[in-house]
Amino acid sequence: MNFSRILHLLILAAVFWSGTSVAQLTIETAADNAHNTNINGVSFQQDALVTYNGYQYLVYWTVNKQVAIGRKALPNGAWEILELTDYQFLTSDAHYDISLGISPRDGSLHLSFDQWSSEFRYQKSIPGLASQPANYVWNHQLFGAMQNHLTGTILTTTTYPRFVTSPSGKLLLLLRHGISGNGDSFLYEYDGNTGRWSELGILVRGTLTDVSAYFNGIHYDANGRLHISWVWRETPDAATNHDLHYMYSDDEGRTWLNNSGQLVARIGQQPITQNTANLKVWSIGQNRGLINQESQTIDSQGRISLLMSHMRDGTPDRTDFKEARLRSYVYHYMRNNNGQWSRRELPGSSFSYDRNKIAADKQDNLFAVINRDGIYRATGSNNWQDWRLVFSLTDQSFYAEVQLDRKRLWDEGILSFVNLAGPGKMQVINYPPAEPLSANNVGGGPLGYTFCAEENANCQFSGTRNLAFGANGRFFQLNANSSTACTSAAFGEPIRGSVKRCYYSDSPATNNNVPVGYELCAEERGTCSVLGATQVAFGGDGHFNYRLTSNNINCSVAEFGDPNNGVAKRCYKRAAEQGGSSSSSSSSSTSSASSSSSSSTSSSSSSTSSSNSSSSSSSTSSSSSTSSSASTSGASLGDPIAAGRLNEYWFIFVLLAGGAMRRK
């Protein structure tokens, strides 16, 4: 038996014995014709990315200002894009998003789009399209004409369409009628057995007291209970958002109970108002930077979890909402089976303005995607007290708020989400389960770098390191050998209007001020060639913009933006020997450096009784169809922990193979 045959068998056997697989992040460009504004990615879309019956579906606005629907046969099919050309939006404001619903009873797709206190817009596919997708060629004949009604009466002043599928297979639509700070919320129901919509009636009457309810979501649990949570807004000014409220329904939205199980609403007859008692479960005042419509999820036991972001307790009120958001942190609010509420601050959750997403898998693990920061995970077995970074999302091109495919995570254990990445790319990112990193790891930095300080604190480390200061994939970098102030005065200003952080390189700094662990891949206006998903830095003289990419990328200002005007720039990719195809976090440090920050990023928690309120201060028609050739489902970044284990086995392979050669 020859050496190559022996080595091959040894490798297969060792992998089999180890039971170890490399968890890999993959990046797909589902489409490259997206309208490049945040109309293609807002938190209140429910939903934009959905898996059903072996296919994944995506909705977005194109550069032609038209609705596009994409589909892909999982796991490795190519994206097919259908552009509906019978309507164009007039304004690219984020309120005019697209929401997608699926009716299991008749297999139809439903779209609602382009409305902000304006006339209702809706389109529906033929029956059977989602239940038997392989039987249909993806073309315009699959969708009916746009309509402005559901039951025959024109709907006006509508906003925020949200679809949700009931366990019985009916499709609900939650819709606001009214304006910001003064609106009512209605429920509609589609029965696929009849192919008809009906109006269930009014659920929330905000116009009674000139307020609006802004929902974090409306979702069923596995047992058929429908959960909804919201904040009230007093005026169109987001600074007047306040308090967390919650109720649930056990009869598909007909009657509603509060946190203590008391009847508080009957759909169409007795709506809730701001005056309805015992709906508040956590007190959060006005002028706290509390953003509306963030995110919620339900686990297998029917426990609701939410991400909500606002300023820390004790921080002075800010009437300027933007200024308050710059001082906001992400909190995990949760309700246990006894109706008790508690909260925990996520580690490293300082950011500027975005809303974030949370979702659960079947094992009751929670995943939080913090925009332009990272993927975090908490385990149900530890009662979600162990939030950890699993992957750092550092890309200056990520533009909008992410959209999660909740069903794919639930059914397959794969965290799949879409983000608009410039210029005009809808990128679908998939991440399977992976081991979390250590408790102190914080996302948002270059891969191969470790968080060390928040802005205006000191970055501490040992040895000579390359330091990166910035946010959202834009960093100013310098070499240092002692504690360094994490300030614009020390580094310059890489990005205004965002909360910044400092990170140090895991490996010692080199003499030239380039990203450590990266290698030159192209001169400016050249092409950086990559094999598999990796991170690329573009810049010069210590100023760099970073991208995550799975395709060869143009080394240009048009692609990356200009990190340093007037300076010759180059592209550097994460070096293979540094884990270019097997590194998953900027925080996977192997150096002896230690980090600390005078500004706390540790998790803090608090809980309340099952009462309905608590004080946060006590906190412990014609169309065109194309198939996307940009899909890159094979491009991946692996989990470094699993990869490290495989390196150990590879060492054993070599020893065994050497012995085999000597015996030959």
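Each chain has its residues counted from 1, running along the sequence as written. Only residues with pLDDT of at least 70 are given local features in this predicted model, and only at 80 or more are side-chain atom pairs given and counted; all residues enter the totals for whole chains, interfaces and linings. No hydrogens and no water enter the side-chain calculation; it runs on all heavy atoms of the structure.

Peer 1: So what exactly am I meant to see when it comes to the sheet that holds strand E34 (residues 474-480) here?
Peer 2: In a beta sheet, neighbouring strands pair by backbone hydrogen bonds and run either parallel or antiparallel. Strand order in this open sheet of 8 strands is E31-E36-E33-E34-E40-E39-E42-E37, and the pairing throughout is antiparallel. This sheet does not close on itself; its edge strands, each paired only once, are strand E31 (449-454) and strand E37 (518-523). Strand-to-strand, the axes of this sheet are offset by a mean angle of 35°, without reference to chain direction. One bridge is not enough; two strands pair if DSSP finds at least two bridges between them. Secondary structure elements follow DSSP: runs of H or I of four or more residues count as helices, runs of E of two or more count as strands, with numbering from the N terminus. Judged from the 3 bridges that link them, E34 and strand E40 (residues 543-549) form a sheet pairing that is antiparallel. Paired with Phe476 across the strands is His543, a residue of E40. Comment: axis = line fitted to C-alpha atoms, over the contacting stretch for helices; angle = value between 0 and 180 degrees taken between N-to-C directions.

Peer 1: What am I meant to see in the pairing of strand E27 (residues 388-392) here?
Peer 2: Regular strands place their side chains on alternate faces of the sheet. Buried, partly exposed and exposed residues are distinguished by accessible area as a fraction of the type maximum, computed with a 1.4 Å probe on protein chains only: under 20%, between the cut-offs, and over 50%, respectively. Taken across its 5 residues, E27 has 4 buried, putting it largely inside the fold. Looking at chain direction, strand E26 (residues 374-378) and E27 are connected through 4 bridges and run antiparallel. Considered in E27, the bridge of Gly374 is made with Ser392.

Peer 1: What should I look at first to understand the pattern of salt bridges in this one?
Peer 2: Between side chains of opposite charge, a pair can form when the charged atoms approach closely. Any Lys or Arg side-chain nitrogen located within 4 Å of an Asp or Glu carboxyl oxygen qualifies as a salt bridge. Here the structure, examined in full by the defined rule, presents 26 salt bridges. The salt bridge involving Glu189 is made with Lys170; its shortest N-O contact spans 3.5 Å. Placement of Glu189 in strand E12 (residues 182-191) and of Lys170 in the loop between strand E10 (158-165) and strand E11 (171-179) is noted, with a sequence separation of 19 residues between them. Judged by its relative accessible area of 16%, Lys170 falls in the buried class.

Peer 1: I tried to follow the packing of aromatic side chains on my own but got confused; where do I start?
Peer 2: Centre-to-centre distance and the angle between the planes together describe a pair of aromatic rings. Stacked, tilted and edge-to-face are the three classes assigned to paired rings of Phe, Tyr and Trp, where Trp is represented by its six-membered ring and a pair needs centres within 6.5 Å; plane angles under 30 degrees give stacked, over 60 edge-to-face, the rest tilted. By the definition in use, this model includes 28 aromatic pairs. Centroid distance Phe163 to Trp197: 6.5 Å. Interplanar angle 45°. Geometry classified as tilted. A residue pair is termed long-range when its members are at least 10 positions apart, and Phe163 in strand E10 and Trp197 in strand E13 (residues 196-205) qualify at 34 residues. As far as burial versus exposure is concerned, Phe163 and Trp197 are alike and both buried. With centroids separated by 5.7 Å and ring planes inclined at 55°, the aromatic side chains of Phe391 and Tyr431 adopt a geometry described as tilted. A residue pair is termed long-range when its members are at least 10 positions apart, and Phe391 in strand E27 and Tyr431 in strand E30 (residues 425-431) qualify at 40 residues.

Peer 1: Explanation requested: empty space enclosed by the protein in the structure shown.
Peer 2: Empty space among the atoms becomes visible once a probe the size of a water molecule is rolled across them. Each cavity reported here is a set of points on a 1 Å grid over the protein atoms alone in which a 1.4 Å probe fits but cannot get out, each pocket an open set with protein on both sides within 12 Å along at least five of seven lines, and each lining residue one with an atom within 4 Å of a point. Grid points are joined across faces, edges and corners, and a volume is the space filled by probe spheres set on the points. In this structure, the second largest cavity spans a volume of roughly 70 Å³. As for the second largest cavity, its lining consists of Thr159, Tyr160, Arg162, Leu174, Leu175, Arg176, Ser185, Ala213, Tyr214, Phe215 and Gln293. Elements with a contribution of two residues or more to the lining of the second largest cavity: E10, E11 and strand E14 (212-220).

Peer 1: How should the side chain of Gln477 be read in this particular structure?
Peer 2: One can find Gln477 in strand E34. The exposure class of Gln477 is buried, given its relative accessible area of 4%. A distance of 2.8 Å separates a polar atom in the side chain of Gln477 from a polar atom in the side chain of Asn466. Ignoring anything within four residues of it in the chain, the contact list for Gln477 reads Tyr449, Asn466, Leu467, Ala468, Asn513, Pro515, Gly542, Phe544 and Tyr546. Counting of polar contacts relies on pairs of N or O atoms within 3.5 Å, with two restrictions inside protein: one atom must be capable of donating a hydrogen and the other of accepting it, and residues adjacent in sequence are counted only when both atoms are side-chain atoms. Contact definition: two residues touch when any of their heavy atoms are within 4.5 Å.

Peer 1: Please clarify how the confidence of the model for the protein should be interpreted in this entry.
Peer 2: The predicted coordinates ought not to be read in detail in places where the model reports low pLDDT. Scored by pLDDT, the protein has a mean of 84; 81% of the residues are at 70 or more. Across residues 3-23, where pLDDT falls below 50, the model places 33 contacts with residues more than four positions away in sequence or in other chains. Summary of the metric used: pLDDT quantifies the predictor's per-residue confidence within the range 0 to 100. Predicted confidence for residues 628-634 stays below pLDDT 50, and this span has 20 contacts to residues more than four positions away or in other chains.

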